[in-house]
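# Results of the structural survey
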Amino acid sequence: MRFIQLTGLSGAGKTTIANAVQERLRQQGYQTEVIDGDVYRQTLCKDLGFSREDRYENIRRLSTVAAEKTKAGVITLLSVIHPYEEMRKWAADNYGAHTIWIHCPLETLLDRDTKGLYRRALLPDGHPEKLHNLTGVNDPYEVPVSPQLIIHTHEETIHDAVERLSSYILASL
Ligand SMILES: Nc1ncnc2c1ncn2[C@@H]1O[C@H](COP(=O)(O)OS(=O)(=O)O)[C@@H](OP(=O)(O)O)[C@H]1O
Ligand SMILES: Nc1ncnc2c1ncn2[C@@H]1O[C@H](COP(=O)(O)OP(=O)(O)O)[C@@H](O)[C@H]1O
């Protein structure tokens, strides 16, 4: 098993954890790569927005890339919001992806708000900066039904989360 799909709300900690796990596994000699939704939305998925259809297409494309890397023997961490159970199941069924839920309550995310997206989503209707489809606020996030691992980033340190996910991956190779 080398295809790991991290799912969780913006700011939950997907990128932070994925990059640190990548670093950790590389140090141990494993070829590891991160496919980050936020990064690929500047290139391969530049044409896509945040409607349900576009999010589906985003996941389809990125999962295809992840599956290719996995086939080549690379441990691949797909780091995306991935809000729909149907698509998570699709990647699991078609590519053997394992699902890791990076969970953080909205309350903590509103405090973190590193990109200012939550502030914008909570603005009154009609405000020019209002964000209308932020996952978890005014767009759906379906809770994963049976993830292989759940990481609670409001309770667990980054170090502990990275240890736990790295160990999980190494144990399942
Ligand atoms: N409306 C809305 N909803 C959610 N996210 C938004 C939105 N607008 C911009 N962003 C930024 O886009 C990043 C999420 O892209 P993903 O490819 O991971 O999304 S998805 O899996 O297709 O739902 C996400 O990155 P992360 O913060 O790293 O999760 C945001 O920075
Ligand atoms: N236990 C934790 N795990 C991951 N990130 C954490 C944790 N505690 C605090 N953070 C902080 O939360 C933010 C998460 O941002 P990021 O990794 O970009 O999230 P995402 O990729 O899910 O949008 C970072 O600023 C990170 O330092």
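Keep in mind that what you see is a predicted model, and the values were worked out from it rather than measured.

As a rule of thumb, soluble globular proteins bury nonpolar side chains together. Ranked by size, the top nonpolar core spans 28 residues in total, and within it Ile-17, Val-21, Leu-77, Ile-100, Ile-151, Leu-165 and Ile-169 carry the most contacts. Looking at this core, the elements that each hand over two or more residues are β1 (3-7), α1 (14-27), β3 (75-79), β4 (98-103), α6 (117-121), β5 (149-152) and α7 (158-171). Ranked by residues supplied to this core, first place goes to α7 with five residues. Membership of the second largest hydrophobic core comes to 14 residues, among which are Leu-48, Tyr-56, Ala-66 and Val-80.

Moving on: the UniProt feature "domain: APS kinase" (unreviewed entry) in the protein. Following the UniProt record, the feature "domain: APS kinase" (unreviewed entry) maps to residues 4-151 here. Secondary structure content for residues 4-151 is 41% helix and 16% strand, while the C-alpha to C-alpha distance between its ends is 14 Å.

As a further point, take the site of ligand 1. With respect to spatial proximity, 19 residues lie near ligand 1, and among them Ser-10, Arg-55, Asn-58, Lys-115 and Asn-133 are the closest. A distance of 3.0 Å separates an oxygen atom of ligand 1 from a polar atom in the side chain of Lys-14. Within the side chain of Arg-55, an N or O atom sits 2.8 Å from an oxygen atom of ligand 1. Protein contacts shield 92% of the accessible area of ligand 1, which totals 630 Å² for the unbound molecule.

Cut-offs applied
Throughout, residues of each chain are indexed from 1 in the direction in which the sequence is written. Think of it this way: whatever chain is written first is A, whatever ligand is written first is 1, and the rest follow in order. Only residues with pLDDT of 70 or above have their local features reported here, since the model is predicted, and side-chain atom pairs are shown and tallied only from 80 upward, although totals for entire chains, interfaces and linings are computed over all residues. In computing side-chain properties, one takes all heavy atoms of the structure into account and sets aside hydrogens as well as water. Residue types Ala, Val, Leu, Ile, Met, Phe, Trp, Tyr and Cys, when buried and joined through side-chain atoms within 4.5 Å, form a set referred to as a nonpolar core. Type-normalised accessible area, obtained with a 1.4 Å probe on protein chains alone, sets the label of each residue: buried when under 20%, exposed when over 50%, and partly exposed for intermediate values. By definition, any uninterrupted DSSP run of H or I lasting at least four residues is a helix, any uninterrupted run of E lasting at least two residues is a strand, and each is numbered from the N terminus. UniProt positions are given in the numbering used here, feature names are shortened, and annotations may be inferred rather than shown by experiment. Each residue is tested against the molecule or strand, and it is near if at least one of its non-hydrogen atoms lies within 4 Å. Here a polar contact is taken to be a pair of N or O atoms separated by no more than 3.5 Å, where protein atoms must pair a possible hydrogen donor with a possible acceptor and residues adjacent in sequence count only if both atoms sit in side chains. Per-residue and other accessible areas follow the Shrake-Rupley method at a 1.4 Å probe size, with only the shown protein chains counted as cover for residues.

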